[in-house]
Amino acid sequence: MSVNAIRAPRRGTVAIGVAVTVVVFVAGLLWAKWLPYAGKTLKAQRTHHWPAPNILTVGGVRAGDGPTWHAATTFFHAYFLSIWQALVVALLVGASVQVLLPRSWLPRALNRRGVLSSALAGGLAGMPSMMCACCAAPVAVTLRRNGVGRVAAIAYWLGNPLLNPAVLAFLFFVAPWQWTLTRAVVGVVAVLGVAAAVGLVTRDDAPPAAEAVIPQAIGFLRALLRLGLILLPEYAVLVLVVGAFRGWLLAGLPHHGLLIVVLAAVVGTLIVIPTAGEIPILQALALLGVSTGTLGALLITLPVVSAPGVAMVARSFGWKATAATTLAVIAAGLLGATVLSAL
C-alpha cells in the first residue's frame, strides 16, 4: 500500500474535523453574539440609551446589604440568563478545538518568538468571540491543553471582554466619549502588557503538542464532559458567592479619594458580570456622583478576571501566573483611573 493511500484517510478526517470546528465557531457566535450584538448596536445608535438593568442591584440589593441566599440566587438567575448561550458556545468551541483540530495548529499560530507578539496574537484571536471573562475561560483552558503558551492564552482570555468591539460600540453610543477612548487605549495596553508581564515573570512555557489528532465523536463528548464537569460546578458556586456578597462589595464606592479608587480596582477584579454589564453599573455610579477615577478603574477591571474566572483558569495557567495576572489587571485599572481622570 502506498504512503499516499495511508495518509489520505487521515487528511480527510482532519478536514472534516476542521470543518466541524469552523461551523461550530461561526454558527455558535452568530446565534449567541454576532447577531444579537448587531441588533443592540443599531438600537443604541438610534436611542443613545442602554436599557439593560444593573445586575448588581437585581433582587433589590443595595450597597451595604449583608449576604443572603436571596441575593445569591437572584444574581445567579440574572447572570445565567445573560450568559447561558455564550457559555454553551464556549464549551462546544473548547471541545472542538481540543479534539477536532491538529494539535500543532494553534501553538504554531499563537506562540510567537517574543512575548509581545504572542500577546498580540492571543488578543487578536480573542476579539471575534466577544465573550465575557468566564465564558472565555473554557476556551483559554483548552488552548493551554493544546500547547498554547501562557502569554497568548492570557491575552486571549483578557482580550475577549476587554477589547470586545461590540462593547466599544455600545460605549460610544450610550456613554461619554472619554469612556470609550479610555477603554480602547487602556484595554490594548492591558491585554498586551498584562500578558507579556506575566510571561516574563513566570517564564512562559508552551507545553509540547502532538503533530496531529484524529477527530473522534467519543473524544469530543469526553472533552465536552470534562470541561463541563470540572469547570462548571466551581463556576456556579463562586457566582452564588459573589451574588451573596455583592452588597458588601459595593459598600463605600460612592466616595472620592485615592483609597476608594484602589478599592474599586480590587473589587472590580472580583465581581463577575455578563458582557457589557459594566455599562449600567458605571452609569448608575456616575449618577450617584462617584469620582471619575473610580469609574475609570471599574471600566477596566469589571469586565476581566473575576473570582469565578480565576478559579476556572488557575489549574491550566498555574496559580503563580493567575495571581500575577490578577495583580497586573488591578494595576491596569489604576491606569484606567488615571487616563479617564486626565480626559
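Note that the coordinates shown come from a computational prediction; the quantities given were computed from them, not determined experimentally. (Residues numbered from 1 in each chain as written. Predicted model: local features only at pLDDT ≥ 70, side-chain atom pairs only at ≥ 80, totals over all residues. Heavy atoms only, no water.)

## So, the overall build of the chain
In step 1: When helices and strands are counted, the chain shows 14 helices and zero strands.
In step 2: Its helices and strands taken in sequence order, the chain reads α-α-α-α-α-α-α-α-α-α-α-α-α-α from the N to the C terminus.
In step 3: Over its C-alpha trace the chain gives a radius of gyration of 20 Å, about what one expects of a compact globule, namely 20 Å for 343 residues.
In step 4: With respect to the principal axes defined by its C-alpha atoms, the chain has extents near 75 × 40 × 40 Å. (Helix = DSSP H or I, 4+ residues; strand = E, 2+ residues; numbered from the N terminus. Rg over C-alpha atoms; globule rule 2.2 N^0.38 Å.)

## Describing the packing of helix α6 (residues 150-162) against helix α8 (residues 177-202)
In step 1: Between α6 and α8, the shortest axis-to-axis distance is 9 Å and the interhelical angle comes to 160°. Between α6 and α8, the angle is such that the two are roughly antiparallel. Crossing handedness for the pair α6 and α8: right-handed. Facing R150, V151, I154, A155, L158, G159, P161 and L162 of α6, the residues of α8 in contact are R183, G187, A190, V191, V194, A195, A196, V198, G199 and T202. (Axes fitted to C-alpha atoms, helices over the stretch in contact; angles between N-to-C directions. Parallel < 35°, antiparallel > 145°, perpendicular 65-115°, else oblique. Left-handed = near helix turned anticlockwise from the far one by under 90°. Contact = heavy atoms within 4.5 Å.)

## Points about the pattern of salt bridges
In step 1: Evaluation of the coordinates by the stated rule reveals two salt bridges.
In step 2: Among the salt bridges present, the one from R183 reaches E278, with a minimum N-O distance of 2.8 Å. You can see R183 sitting in helix α8 and its partner E278 sitting in helix α11 (residues 278-287), a full 95 residues away along the chain. By the burial criterion, R183 is buried, and E278 matches it. (Salt bridge = Lys/Arg side-chain N within 4 Å of Asp/Glu carboxyl O. Buried < 20%, exposed > 50% of the residue type's maximum accessible area, 1.4 Å probe, protein only.)

## Section: the side chain of T325
In step 1: Along the polypeptide, T325 turns up in helix α14 (residues 319-342).
In step 2: Those residues in contact with T325 that sit more than four places away from it in its chain are I154, W157, L158, V194 and V198.

## Quick look at the packing of aromatic side chains
In step 1: In total, this model carries ten aromatic pairs according to the counting rule given.
In step 2: In textbook terms, an aromatic cluster arises when at least three aromatic residues are bridged by ring pairs, as seen for Y37, W50 and F170. (Phe/Tyr/Trp six-rings, centres within 6.5 Å; stacked < 30°, edge-to-face > 60°.)

## A look at the confidence of the model for the chain
In step 1: Residues at a pLDDT of 70 or more form 92% of the chain, whose mean pLDDT is 87.
In step 2: A low-confidence stretch, residues 1-9 (pLDDT under 50), is modelled with one contact involving residues beyond four sequence positions or located in other chains. (pLDDT = per-residue confidence, 0-100.)

## Describing the environment of G114
In step 1: Examined against the element boundaries, G114 turns out to sit in the loop between α3 (105-110) and α4 (115-126).
In step 2: G114 gets classed as partly exposed once you look at its relative accessible area, which sits at 29%.
In step 3: Residues G114 and S104, spaced ten residues apart in sequence, show a C-alpha to C-alpha distance of 19 Å.

## Some points on unusual backbone geometry
In step 1: Of note in this structure, H48 is not a glycine but carries a positive phi near 55°.
In step 2: Assignment of secondary structure puts H48 in the loop between α1 (3-47) and α2 (69-100).
In step 3: Its relative accessible area of 51% is what places H48 among the exposed residues.
In step 4: Backbone geometry at S306 places phi at a positive 75°, although glycine is not the residue there.
In step 5: Along the polypeptide, S306 turns up in the loop between α12 (292-301) and α13 (307-317).

## Comments concerning a nonpolar patch on the surface
In step 1: A cluster of nonpolar side chains, namely W31, F80, L81, W84, V88 and L92, defines an oily patch on the protein surface of about 540 Å² accessible area.
In step 2: Among the elements that take part in the nonpolar patch, α2 stands out by supplying five residues, more than any other.
In step 3: One can find W31 in helix α1.
In step 4: What makes W31 partly exposed here is its relative accessible area of 41%. (Patch = residues over 30% accessible without salt bridge, like charges linked within 9 Å, V, L, I, M, F, W, Y side chains within 5 Å. Areas by Shrake-Rupley, 256 points an atom, 1.4 Å probe, with all protein chains shown as cover.)

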